[in-house]
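# Notes for the structure review
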Amino acid sequence: MGSSETTGWQWLAITLVAVAAVVVTAAFTADAGSARPEPVAYDETVGVGLTMEAEQIARAEGASVPRAEVFYSQFRYVVGYSGVDRLVSALDAPASASQFGYPLAVYVSDYGGVSVDCSAGGSLSASATPAWTPAETAHYVVDSDARSPAGPVIVPFEDRADAEGFTDDCGGRVVDWETVRAREPTTDDPAAAVRAQVEQRASRADERVAAAREHRDRPVSVVVGRDVATVRAAIDRAPPNTTIRVPTATTVGNVTVDKPVTLRGEGTRLDGGGDGTILRVTADRVGVVGFEIVGVGNATVGESTDDDSSWDAPVRQGYGQSDAALAARNVSGLFVANVSVETPASGFVLVGTPGAVVENVTVDGTDDWRDGFMGVVGMDEPIVVQHSTFTDGRDGVYLHRADGTVLRNNTFRRNRFGTHLMYTSATLVADNRARDQRHAGIVVMTDPSGNAIVGNDVRRARSGILTAGSRSYVGHNVVVGTERGLSTNAGRSLYEHNVLADNGVGVIAATIVPSNRVVENDFVANDRHATSRPGPMRIYTHDGRGNYWSGAYDLDGGGRTLSRPYSPTDAVDRRLHRSDAAVVLGEAPSVHALRSLRGTTPGFRSASIVDTAPLTEPANPRLLATATNETTDGGVSP
């Protein structure tokens, strides 16, 4: 008998012993009992609900957010919800019972024991942290003026008299728990709603681009080198809404563009002399077109200001004040196109620039990303960055509180992160290409909501697409040759029609509270198709359709789905695409017994993924062909 067969039989014996041990252990699983659990402090729960930005704003403004917490019968953690409406959505979710069991106890904040107020622009405030009261006996004020940073809130009270007293000051009406449970949800599928908005977000970006491009072809009023000697003198002389032509290379130093004019070069080199930011824009409707910009300063952190006490002041100092080829602050309608930048710091820093468009630019940063900074920094307002290339440096595009931004058709090479979202929601990150990133292609942090990540192609990185937050749509992406292809750390989100091929791990089920839909994705030739972090079983099937897992076999098949469930985290199933012995072991009676218990016994639910209707053929054959053929690499060299 060869060594491979010996290894296979040894593995079989070990597995059968493990199965028997688990079955015996499961027989002695303790019953949850009938005693009602006592509430715990909210910071001891696994919290879901508000974006991290909203939580930070609430903390900074002293706003109070109604909370809830649930003890589930088959979940080891207490789950905390920011907002009663979020609690109701979770309790009514179709997969709630199968994944968590039934609620042993549900508690909500009791605002009757504290002094509450909604006079500060409707923001709900409380003199102390509210105590807990059982949800089913509480009284709720709905449709009042009270708000949190995330919008209107439902305010719970233990005593009806306290609730009615609150309506005297803040309006609204008092209802019971059954009425709250019966209220119409804002949407049955928030992630699907984000999917439906993809085309609309792209159309809005088209409108912004069209408006900004109007600044590109203004009539020429001044020519540097003919009419005046310097760019600064040309700005002083040019009438508003005209073009300053710069036909020859020039050393500009630090120039402020303080009127609505267009600087137009012809591939002209602007040299800042290595001292600070080269172009600083302080006027609306400025255009900068057709330059090669060099000589940017190397400072990546700005000076602190005594009057900036906002919760994100350190980020604004460290990320929003670095040296750059161009920096703009609190202006609208900026248009930058056909500009190439070599920089030891940032390329473009845009803070509070609604309607800004950056297109057809190239930014070359430092060879070691730790020495450099960002290709584009966008803060506080939505921008559009498209058809551009970012090579080396820290992050290709970094966003901070820039809700509604659109990043599309860009190429990222050898950055730390290609695209990096912080406290930024409702973006569209579409059709970008990332190659050889030092860490990750697309990174979403700080729990935002409503982001759409669509049609991107990420290859050769530690991580492909790392998501966080909630209500996001991640679809039609290709991730190839990474250590970790995709994380599902954004809850209440939809992950569909993605291709994860030839990665160390295809997908990481990262949320402790599983609430995602993962369907019609193709997992092909990954070392491990999936891993799962602690939490209840994840069901990767919807409406009778699952995902394609290369190597998953079906002895009784013939249809469009396998005749049996598949678990990429199962000790046997996960080896099917890498070992013939696994197919033999998969048919062992003891393994069938183990699978029959999967999803019904709490001891078999931890850190697992099950696809109850795995596909027999790839769901995305054209996209898969793109993933496996470097000649379809979108024009990006391998």
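Residues numbered from 1 in each chain as written. Predicted model: local features only at pLDDT ≥ 70, side-chain atom pairs only at ≥ 80, totals over all residues. Heavy atoms only, no water.

## Section: the overall build of the chain
Helix and strand content of the chain: 13 helices and 49 strands. Here the chain, with 638 residues, has 54% of them falling under the buried criterion. Counting contacts in the chain only where the partners sit at least 6 residues apart, residues at least 24 apart contribute 53% of the total. As displayed, the chain has an accessible area near 26,000 Å², and 49% of this comes from carbon and sulfur atoms. (Helix = DSSP H or I, 4+ residues; strand = E, 2+ residues; numbered from the N terminus. Buried < 20%, exposed > 50% of the residue type's maximum accessible area, 1.4 Å probe, protein only. Contact = heavy atoms within 4.5 Å. Areas by Shrake-Rupley, 256 points an atom, 1.4 Å probe, with all protein chains shown as cover.)

## A word on the state of the cysteines
A covalent bond between the sulfur atoms of two cysteines is what we call a disulfide. If you walk through the whole model with that rule in mind, you get one disulfide. The side chain of Cys-118 participates in a disulfide bridge whose partner is Cys-170; the two sulfur atoms lie 1.9 Å from each other. A torsion of -120° about the S-S bond marks the disulfide between Cys-118 and Cys-170 as left-handed. Placement of Cys-118 in strand β5 (residues 116-120) and of Cys-170 in helix α5 (residues 160-170) is noted, with a sequence separation of 52 residues between them. Each member of the pair, Cys-118 as well as Cys-170, is classed as buried. (Disulfide = S-S within 2.5 Å.)

## Some remarks on the sheet that holds strand β12 (residues 173-175)
Read from one edge to the other, the open sheet built from three strands follows the order β11-β8-β12, with strand pairing classed as antiparallel. Two strands lie at the open edges of the sheet, namely β11 (155-157) and β12, each paired on one side alone. Taken pair by pair, the neighbouring strands of this sheet meet at an average axis angle of 30°, ignoring direction. Examined bridge by bridge, strand β8 (residues 139-142) and β12 share three bridges and lie antiparallel to one another. Opposite Tyr-140, over in β12, you have Val-175 as the bridge partner. (Pairing = 2+ DSSP bridges. Axes fitted to C-alpha atoms, helices over the stretch in contact; angles between N-to-C directions.)

## Here's the deal with the pattern of salt bridges
Inspection of the entire model under this criterion finds 27 salt bridges. A salt bridge links Arg-401 to Glu-53; the shortest N-O distance between them is 2.7 Å. In this pair, Arg-401 is assigned in the loop between β28 (395-400) and β29 (406-408) and Glu-53 in helix α2 (residues 52-61), connecting sequence segments 348 residues apart. (Salt bridge = Lys/Arg side-chain N within 4 Å of Asp/Glu carboxyl O.)

## Thoughts on the nonpolar core
Counting residues in each nonpolar core, the largest one holds 70 residues, and the members touching the most others are Ile-244, Leu-279, Ile-293, Leu-326, Leu-334 and Phe-348. The contact partners of Leu-326, leaving out residues within four places of it in the chain, are Thr-277, Leu-279, Val-281, Val-288, Leu-334, Val-336, Gly-347, Phe-348, Val-349 and Leu-350. Listed in part, the 24 residues of the second largest apolar core include Val-46, Val-70, Val-79 and Ile-154. (Core = buried A, V, L, I, M, F, W, Y, C linked by side-chain atoms within 4.5 Å.)

## Side note on the pairing of strand β17 (residues 262-271)
Consecutive residues of a regular strand have side chains that alternate between opposite faces of the sheet. As judged from the four bridges shared by strand β14 (residues 243-246) and β17, these two strands associate in the parallel manner. Paired with Thr-243 across the two strands is Thr-262, which belongs to β17. In this sheet, β17 lies alongside strand β15 (residues 250-251) in parallel orientation, the contact comprising two bridges. Residue pairing across strands places Thr-251 opposite Asp-271, the latter belonging to β17.

## Brief notes about the packing of aromatic side chains
Scanning the model with the defined rule gives 13 aromatic pairs in all. With a centroid separation of 6.3 Å and 80° between ring planes, the pair formed by Phe-71 and Tyr-107 is classed as edge-to-face. Taken together, the residues Phe-71 in strand β2 (residues 67-72) and Tyr-107 in strand β4 (residues 103-110) connect sequence positions 36 residues apart. Summarising the burial analysis for this pair, Phe-71 and Tyr-107 share the class buried. Taken together, Tyr-72, Phe-75, Tyr-77 and Phe-100 form an aromatic cluster joined through their ring pairs. (Phe/Tyr/Trp six-rings, centres within 6.5 Å; stacked < 30°, edge-to-face > 60°.)

## Describing unusual backbone geometry
Even without a glycine there, the phi angle at Asp-436 is positive, about 60°. Using a relative accessible area of 31% as the deciding quantity, one classes Asp-436 as partly exposed.

## Here's the deal with the pairing of strand β39 (residues 478-487)
For β39, a buried count of seven out of ten residues is recorded, marking the element as mostly surrounded by other parts of the structure. As paired strands, β39 and strand β43 (residues 505-509) are joined by three bridges and run parallel to one another. What sits directly across from Ser-487, in β43, is Ile-508.

## Re the sheet that holds β2
Spatially, five strands are ordered β1-β3-β2-β4-β7 in an open sheet, and the strand pairing comes out mixed. Two strands bound the open sheet, and with one partner strand each, they are β1 (46-48) and β7 (131-134). Along the sheet, successive strands turn relative to each other by an average axial angle of 30°, direction set aside. Contacts from helix α3 (residues 84-91) reach β1, β2, β3 (78-82) and β4 within the one sheet, and its direction differs from that of β2 by about 25°.

## Things to note about the confidence of the model for the chain
Per-residue confidence for the chain gives a mean pLDDT of 87; residues scoring 70 or more make up 86%. Here residues 580-588 is a poorly scored stretch, pLDDT under 50, and it has 21 contacts once near neighbours within four places are set aside; other chains count. Throughout residues 597-605 the model reports pLDDT below 50, and contacts reaching past four residues in sequence, or to other chains, amount to 24 contacts. (pLDDT = per-residue confidence, 0-100.)

## A word on the side chain of Ser-449
Tracing the sequence through the fold places Ser-449 in the loop between β34 (440-445) and β35 (452-454). For Ser-449, a relative accessible area of 16% translates into the label buried.

## Some words on α3
Residues spaced three or four apart along an α-helix point in a common direction, a consequence of the helix completing one turn every 3.6 residues. Along α3, six of the eight residues are buried, which leaves the element largely enclosed by surrounding structure. Of the positions making up α3, those classed as buried are Val-84, Arg-86, Leu-87, Val-88, Ala-90 and Leu-91.

## Considerations on the environment of Asp-110
Along the chain, Asp-110 turns up in strand β4. Judged by its relative accessible area of 9%, Asp-110 falls in the buried class. Between the C-alpha atoms of Asp-110 and Ala-68, which are 42 residues apart in sequence, the distance is 9.9 Å.

## Digging into the environment of Ala-150
Take Ala-150: it is sitting in the loop between β9 (147-148) and β10 (151-152). In sequence terms Ala-150 and Glu-53 are 97 residues apart; their C-alpha atoms lie 9.3 Å from each other.

## Let's talk about helix α8 (residues 198-213)
Under the 1.5 Å per step criterion, the end-to-end length of α8 is 23 Å for 16 residues, consistent within 8% with the ideal 22 Å. Burial in α8 covers these residues: Val-198, Arg-201, Ala-205, Arg-208, Val-209 and Ala-212. One side of α8 carries all its buried residues, which in axial view fall inside an arc of 100°. Those residues of α8 that are exposed and aimed more than 90 degrees away from the buried face are Glu-199 and Glu-207. (Expected span 1.5 Å × (residues − 1). Arc of directions from axis to C-beta.)

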